[in-house]
Structures are given as structure tokens and as C-alpha cells.
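Structural features, examined
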Amino acid sequence: WLFWQIGSSPYLGGGGFGAFFGAKQKVEFAIDKYALEVKRQFDVLERVLAGKDGSKGGPFLLGEQYTIADICIWAWYGRKILDIESDQAVFLDLKAYPHVLAWAKKIAERPAVVRGQRVNKVWGPESEQVVERHSAADFTKTKSKEEEPAKK
């Protein structure tokens, strides 16, 4: 699964569909090519998580056990499908993959994932930011007025 993720995720990310979909000049052939490949990849995940590949199915890629494969693949595919109302998700019809969506939600709710998504985050609500992470205490710190940059 780790090799699958390494070979597949560039089609989803900036090197493939994301780059062509967001480009100023739209190239229909490129968008169609990468969109079809990304949909095929989501279908692979859907079939595995649903047990349609001969396995027992989810809730995780290897069945009941949460593994490094889930962590690596979720970073690309889970986060993409959780943004289900985005233009890209609508274009790709990601609602057609209910098992992938359930898998992504289950992982997103894990406390370590919730914490991890805050690390090095400098946008959004302050309560969701951990600008620098050096110890577990960094998750409970809040910025004081002295630490805030002066407003011009």
C-alpha cells in the first residue's frame, strides 16, 4: 500500500489533476486524463474498503488494523474526500465513494490526527494552531498579547 500511495498520489496532487484543474489555461485532455486516473484510484480504495476485492473490507485498508498505510494514504485521499463540497470533489463526484468517505472521517476523528493537523498551522482559528512544536505542552499554549506582532 505504501508503494501504491507513492505511485498514485502525484496524479491527485500538484503534479497531476490538481495542477491541471487549477491552471489558468484549461487543457481539457489533461483534465480528463488525470480526472479519470484519480477516479480510478478512488475506486480502488472504495473496492478495498468495501471488501469487493476479496478481502473482508474496512474500516481500514488492512481490515480492522489501523496502519502506516492508512496514515500515508489518508493525507492525500482522505483529506481530499473530506472537502466533499469543493469544486474538485464535485467534479470528481467523490460522493460516489461512501466507504472512502467513512474511512476518511474515522481517521480524521482520531486524537493524534486532530493534533497533528494543528502542527505548523499559522492560519484559521488560533485554537487550531500550533505554530511550532517542541513538546506536548505546545498544544496547550496560547499566544499572549506580547507574542502577537505589533499592528501597524
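Throughout, residues of each chain are indexed from 1 in the direction in which the sequence is written. Local features in this predicted model are restricted to residues of pLDDT 70 or higher, and side-chain atom pairs are both shown and tallied only at a pLDDT of 80 or more, whereas totals for entire chains, interfaces and linings draw on every residue. Hydrogens and waters are ignored; side-chain quantities use all the structure's heavy atoms.

Secondary structure elements are taken from DSSP: a helix is a run of H or I of four residues or more, a strand is a run of E of two residues or more, and numbering for both begins at the N terminus. Within the protein, the secondary structure is distributed over seven helices and zero strands. Contacts: residue pairs with any heavy atoms within 4.5 Å of one another. When contacts within the protein are restricted to residue pairs at least 6 apart in sequence, long-range pairs at least 24 apart make up 52% of them. Areas reported here follow the Shrake-Rupley algorithm with a probe of radius 1.4 Å; residue values treat only the protein chains shown as occluding. Accessible surface for the protein amounts to roughly 9,900 Å². Of this, 56% is attributable to carbon and sulfur atoms.

This next bit is on the nonpolar core. Residue types Ala, Val, Leu, Ile, Met, Phe, Trp, Tyr and Cys, when buried and joined through side-chain atoms within 4.5 Å, form a set referred to as a nonpolar core. The rule is simple: take the accessible area with a 1.4 Å probe, protein chains only, and divide by the maximum for that residue type; under 20% is buried, over 50% is exposed, in between is partly exposed. Grouped together as the largest cluster of nonpolar side chains are 27 residues, with contacts concentrated most on F42, L61, I81, L94, V100 and W103. The residues contacting L61, other than those within four sequence positions of it, are W1, L45, V48, L49, A69, D70, I73 and W103.

So, about the packing of aromatic side chains. Stacked, tilted and edge-to-face pairs are distinguished by plane angle, under 30 degrees for stacked and over 60 for edge-to-face with tilted covering the rest, among Phe, Tyr and Trp rings (Trp via its six-membered ring) whose centres lie within 6.5 Å. As enumerated under the stated definition, the model contains five aromatic pairs in all. Centre to centre, the rings of W4 and Y77 are 5.4 Å apart; their planes meet at 40 degrees, and the pair counts as tilted. Here Y77 lies in helix α4 (residues 68-82) and W4 lies in helix α1 (residues 2-12), a separation of 73 residues in the sequence. The buried category is assigned to Y77, whose relative accessible area is 0%. Ring geometry for F42 against Y77: centres 5.3 Å apart, planes inclined by 70 degrees, an arrangement best described as edge-to-face. One end of the pair, F42, is in helix α3 (residues 28-50); the other, Y77, is in helix α4, and 35 residues separate them in sequence. With respect to burial, F42 and Y77 carry one shared label: buried. Among the aromatic residues, those joined into a ring-pair cluster are W1, W4, F42, Y77 and Y97.

Below, the discussion takes up the side chain of K80. Its place among the elements puts K80 in helix α4. Comment: no salt bridge for buried K80; closest opposite-charge side chain is D83, at 6.2 Å. The definition of a polar contact used here is a pair of N or O atoms within 3.5 Å, where within protein one atom must be able to donate a hydrogen and the other to accept one, and adjacent residues in sequence count solely through side-chain atom pairs. Engagement of the side chain of K80 in a polar contact is seen with the side chain of Q88, the distance being 2.5 Å. Once residues within four sequence positions are removed from consideration, K80 is found in contact with L12, F42, Q88 and L94. Charged residues are defined here as Lys and Arg on the positive side and Asp and Glu on the negative side; His and the ends of the chain fall outside this count. When a carboxyl oxygen of Asp or Glu lies within 4 Å of a side-chain nitrogen of Lys or Arg, that pair is called a salt bridge.

Before going further, it helps to examine the pattern of salt bridges. Using the criterion set out here, one finds two salt bridges in the structure. One salt bridge in this structure joins E37 and R40, with 2.7 Å as the shortest N-O distance. Remark: R40 and E37 occur in helix α3; sequence separation between them is three residues, near one turn of the helix. Measuring nitrogen to oxygen at the nearest pair gives 3.3 Å for the salt bridge that ties E85 to K95. Here E85, found in the loop between α4 and α5 (87-92), pairs with K95, found in the loop between α5 and α6 (98-108); they are ten residues apart in sequence, far enough to count as distant. For E85, a relative accessible area of 55% corresponds to the exposed category.

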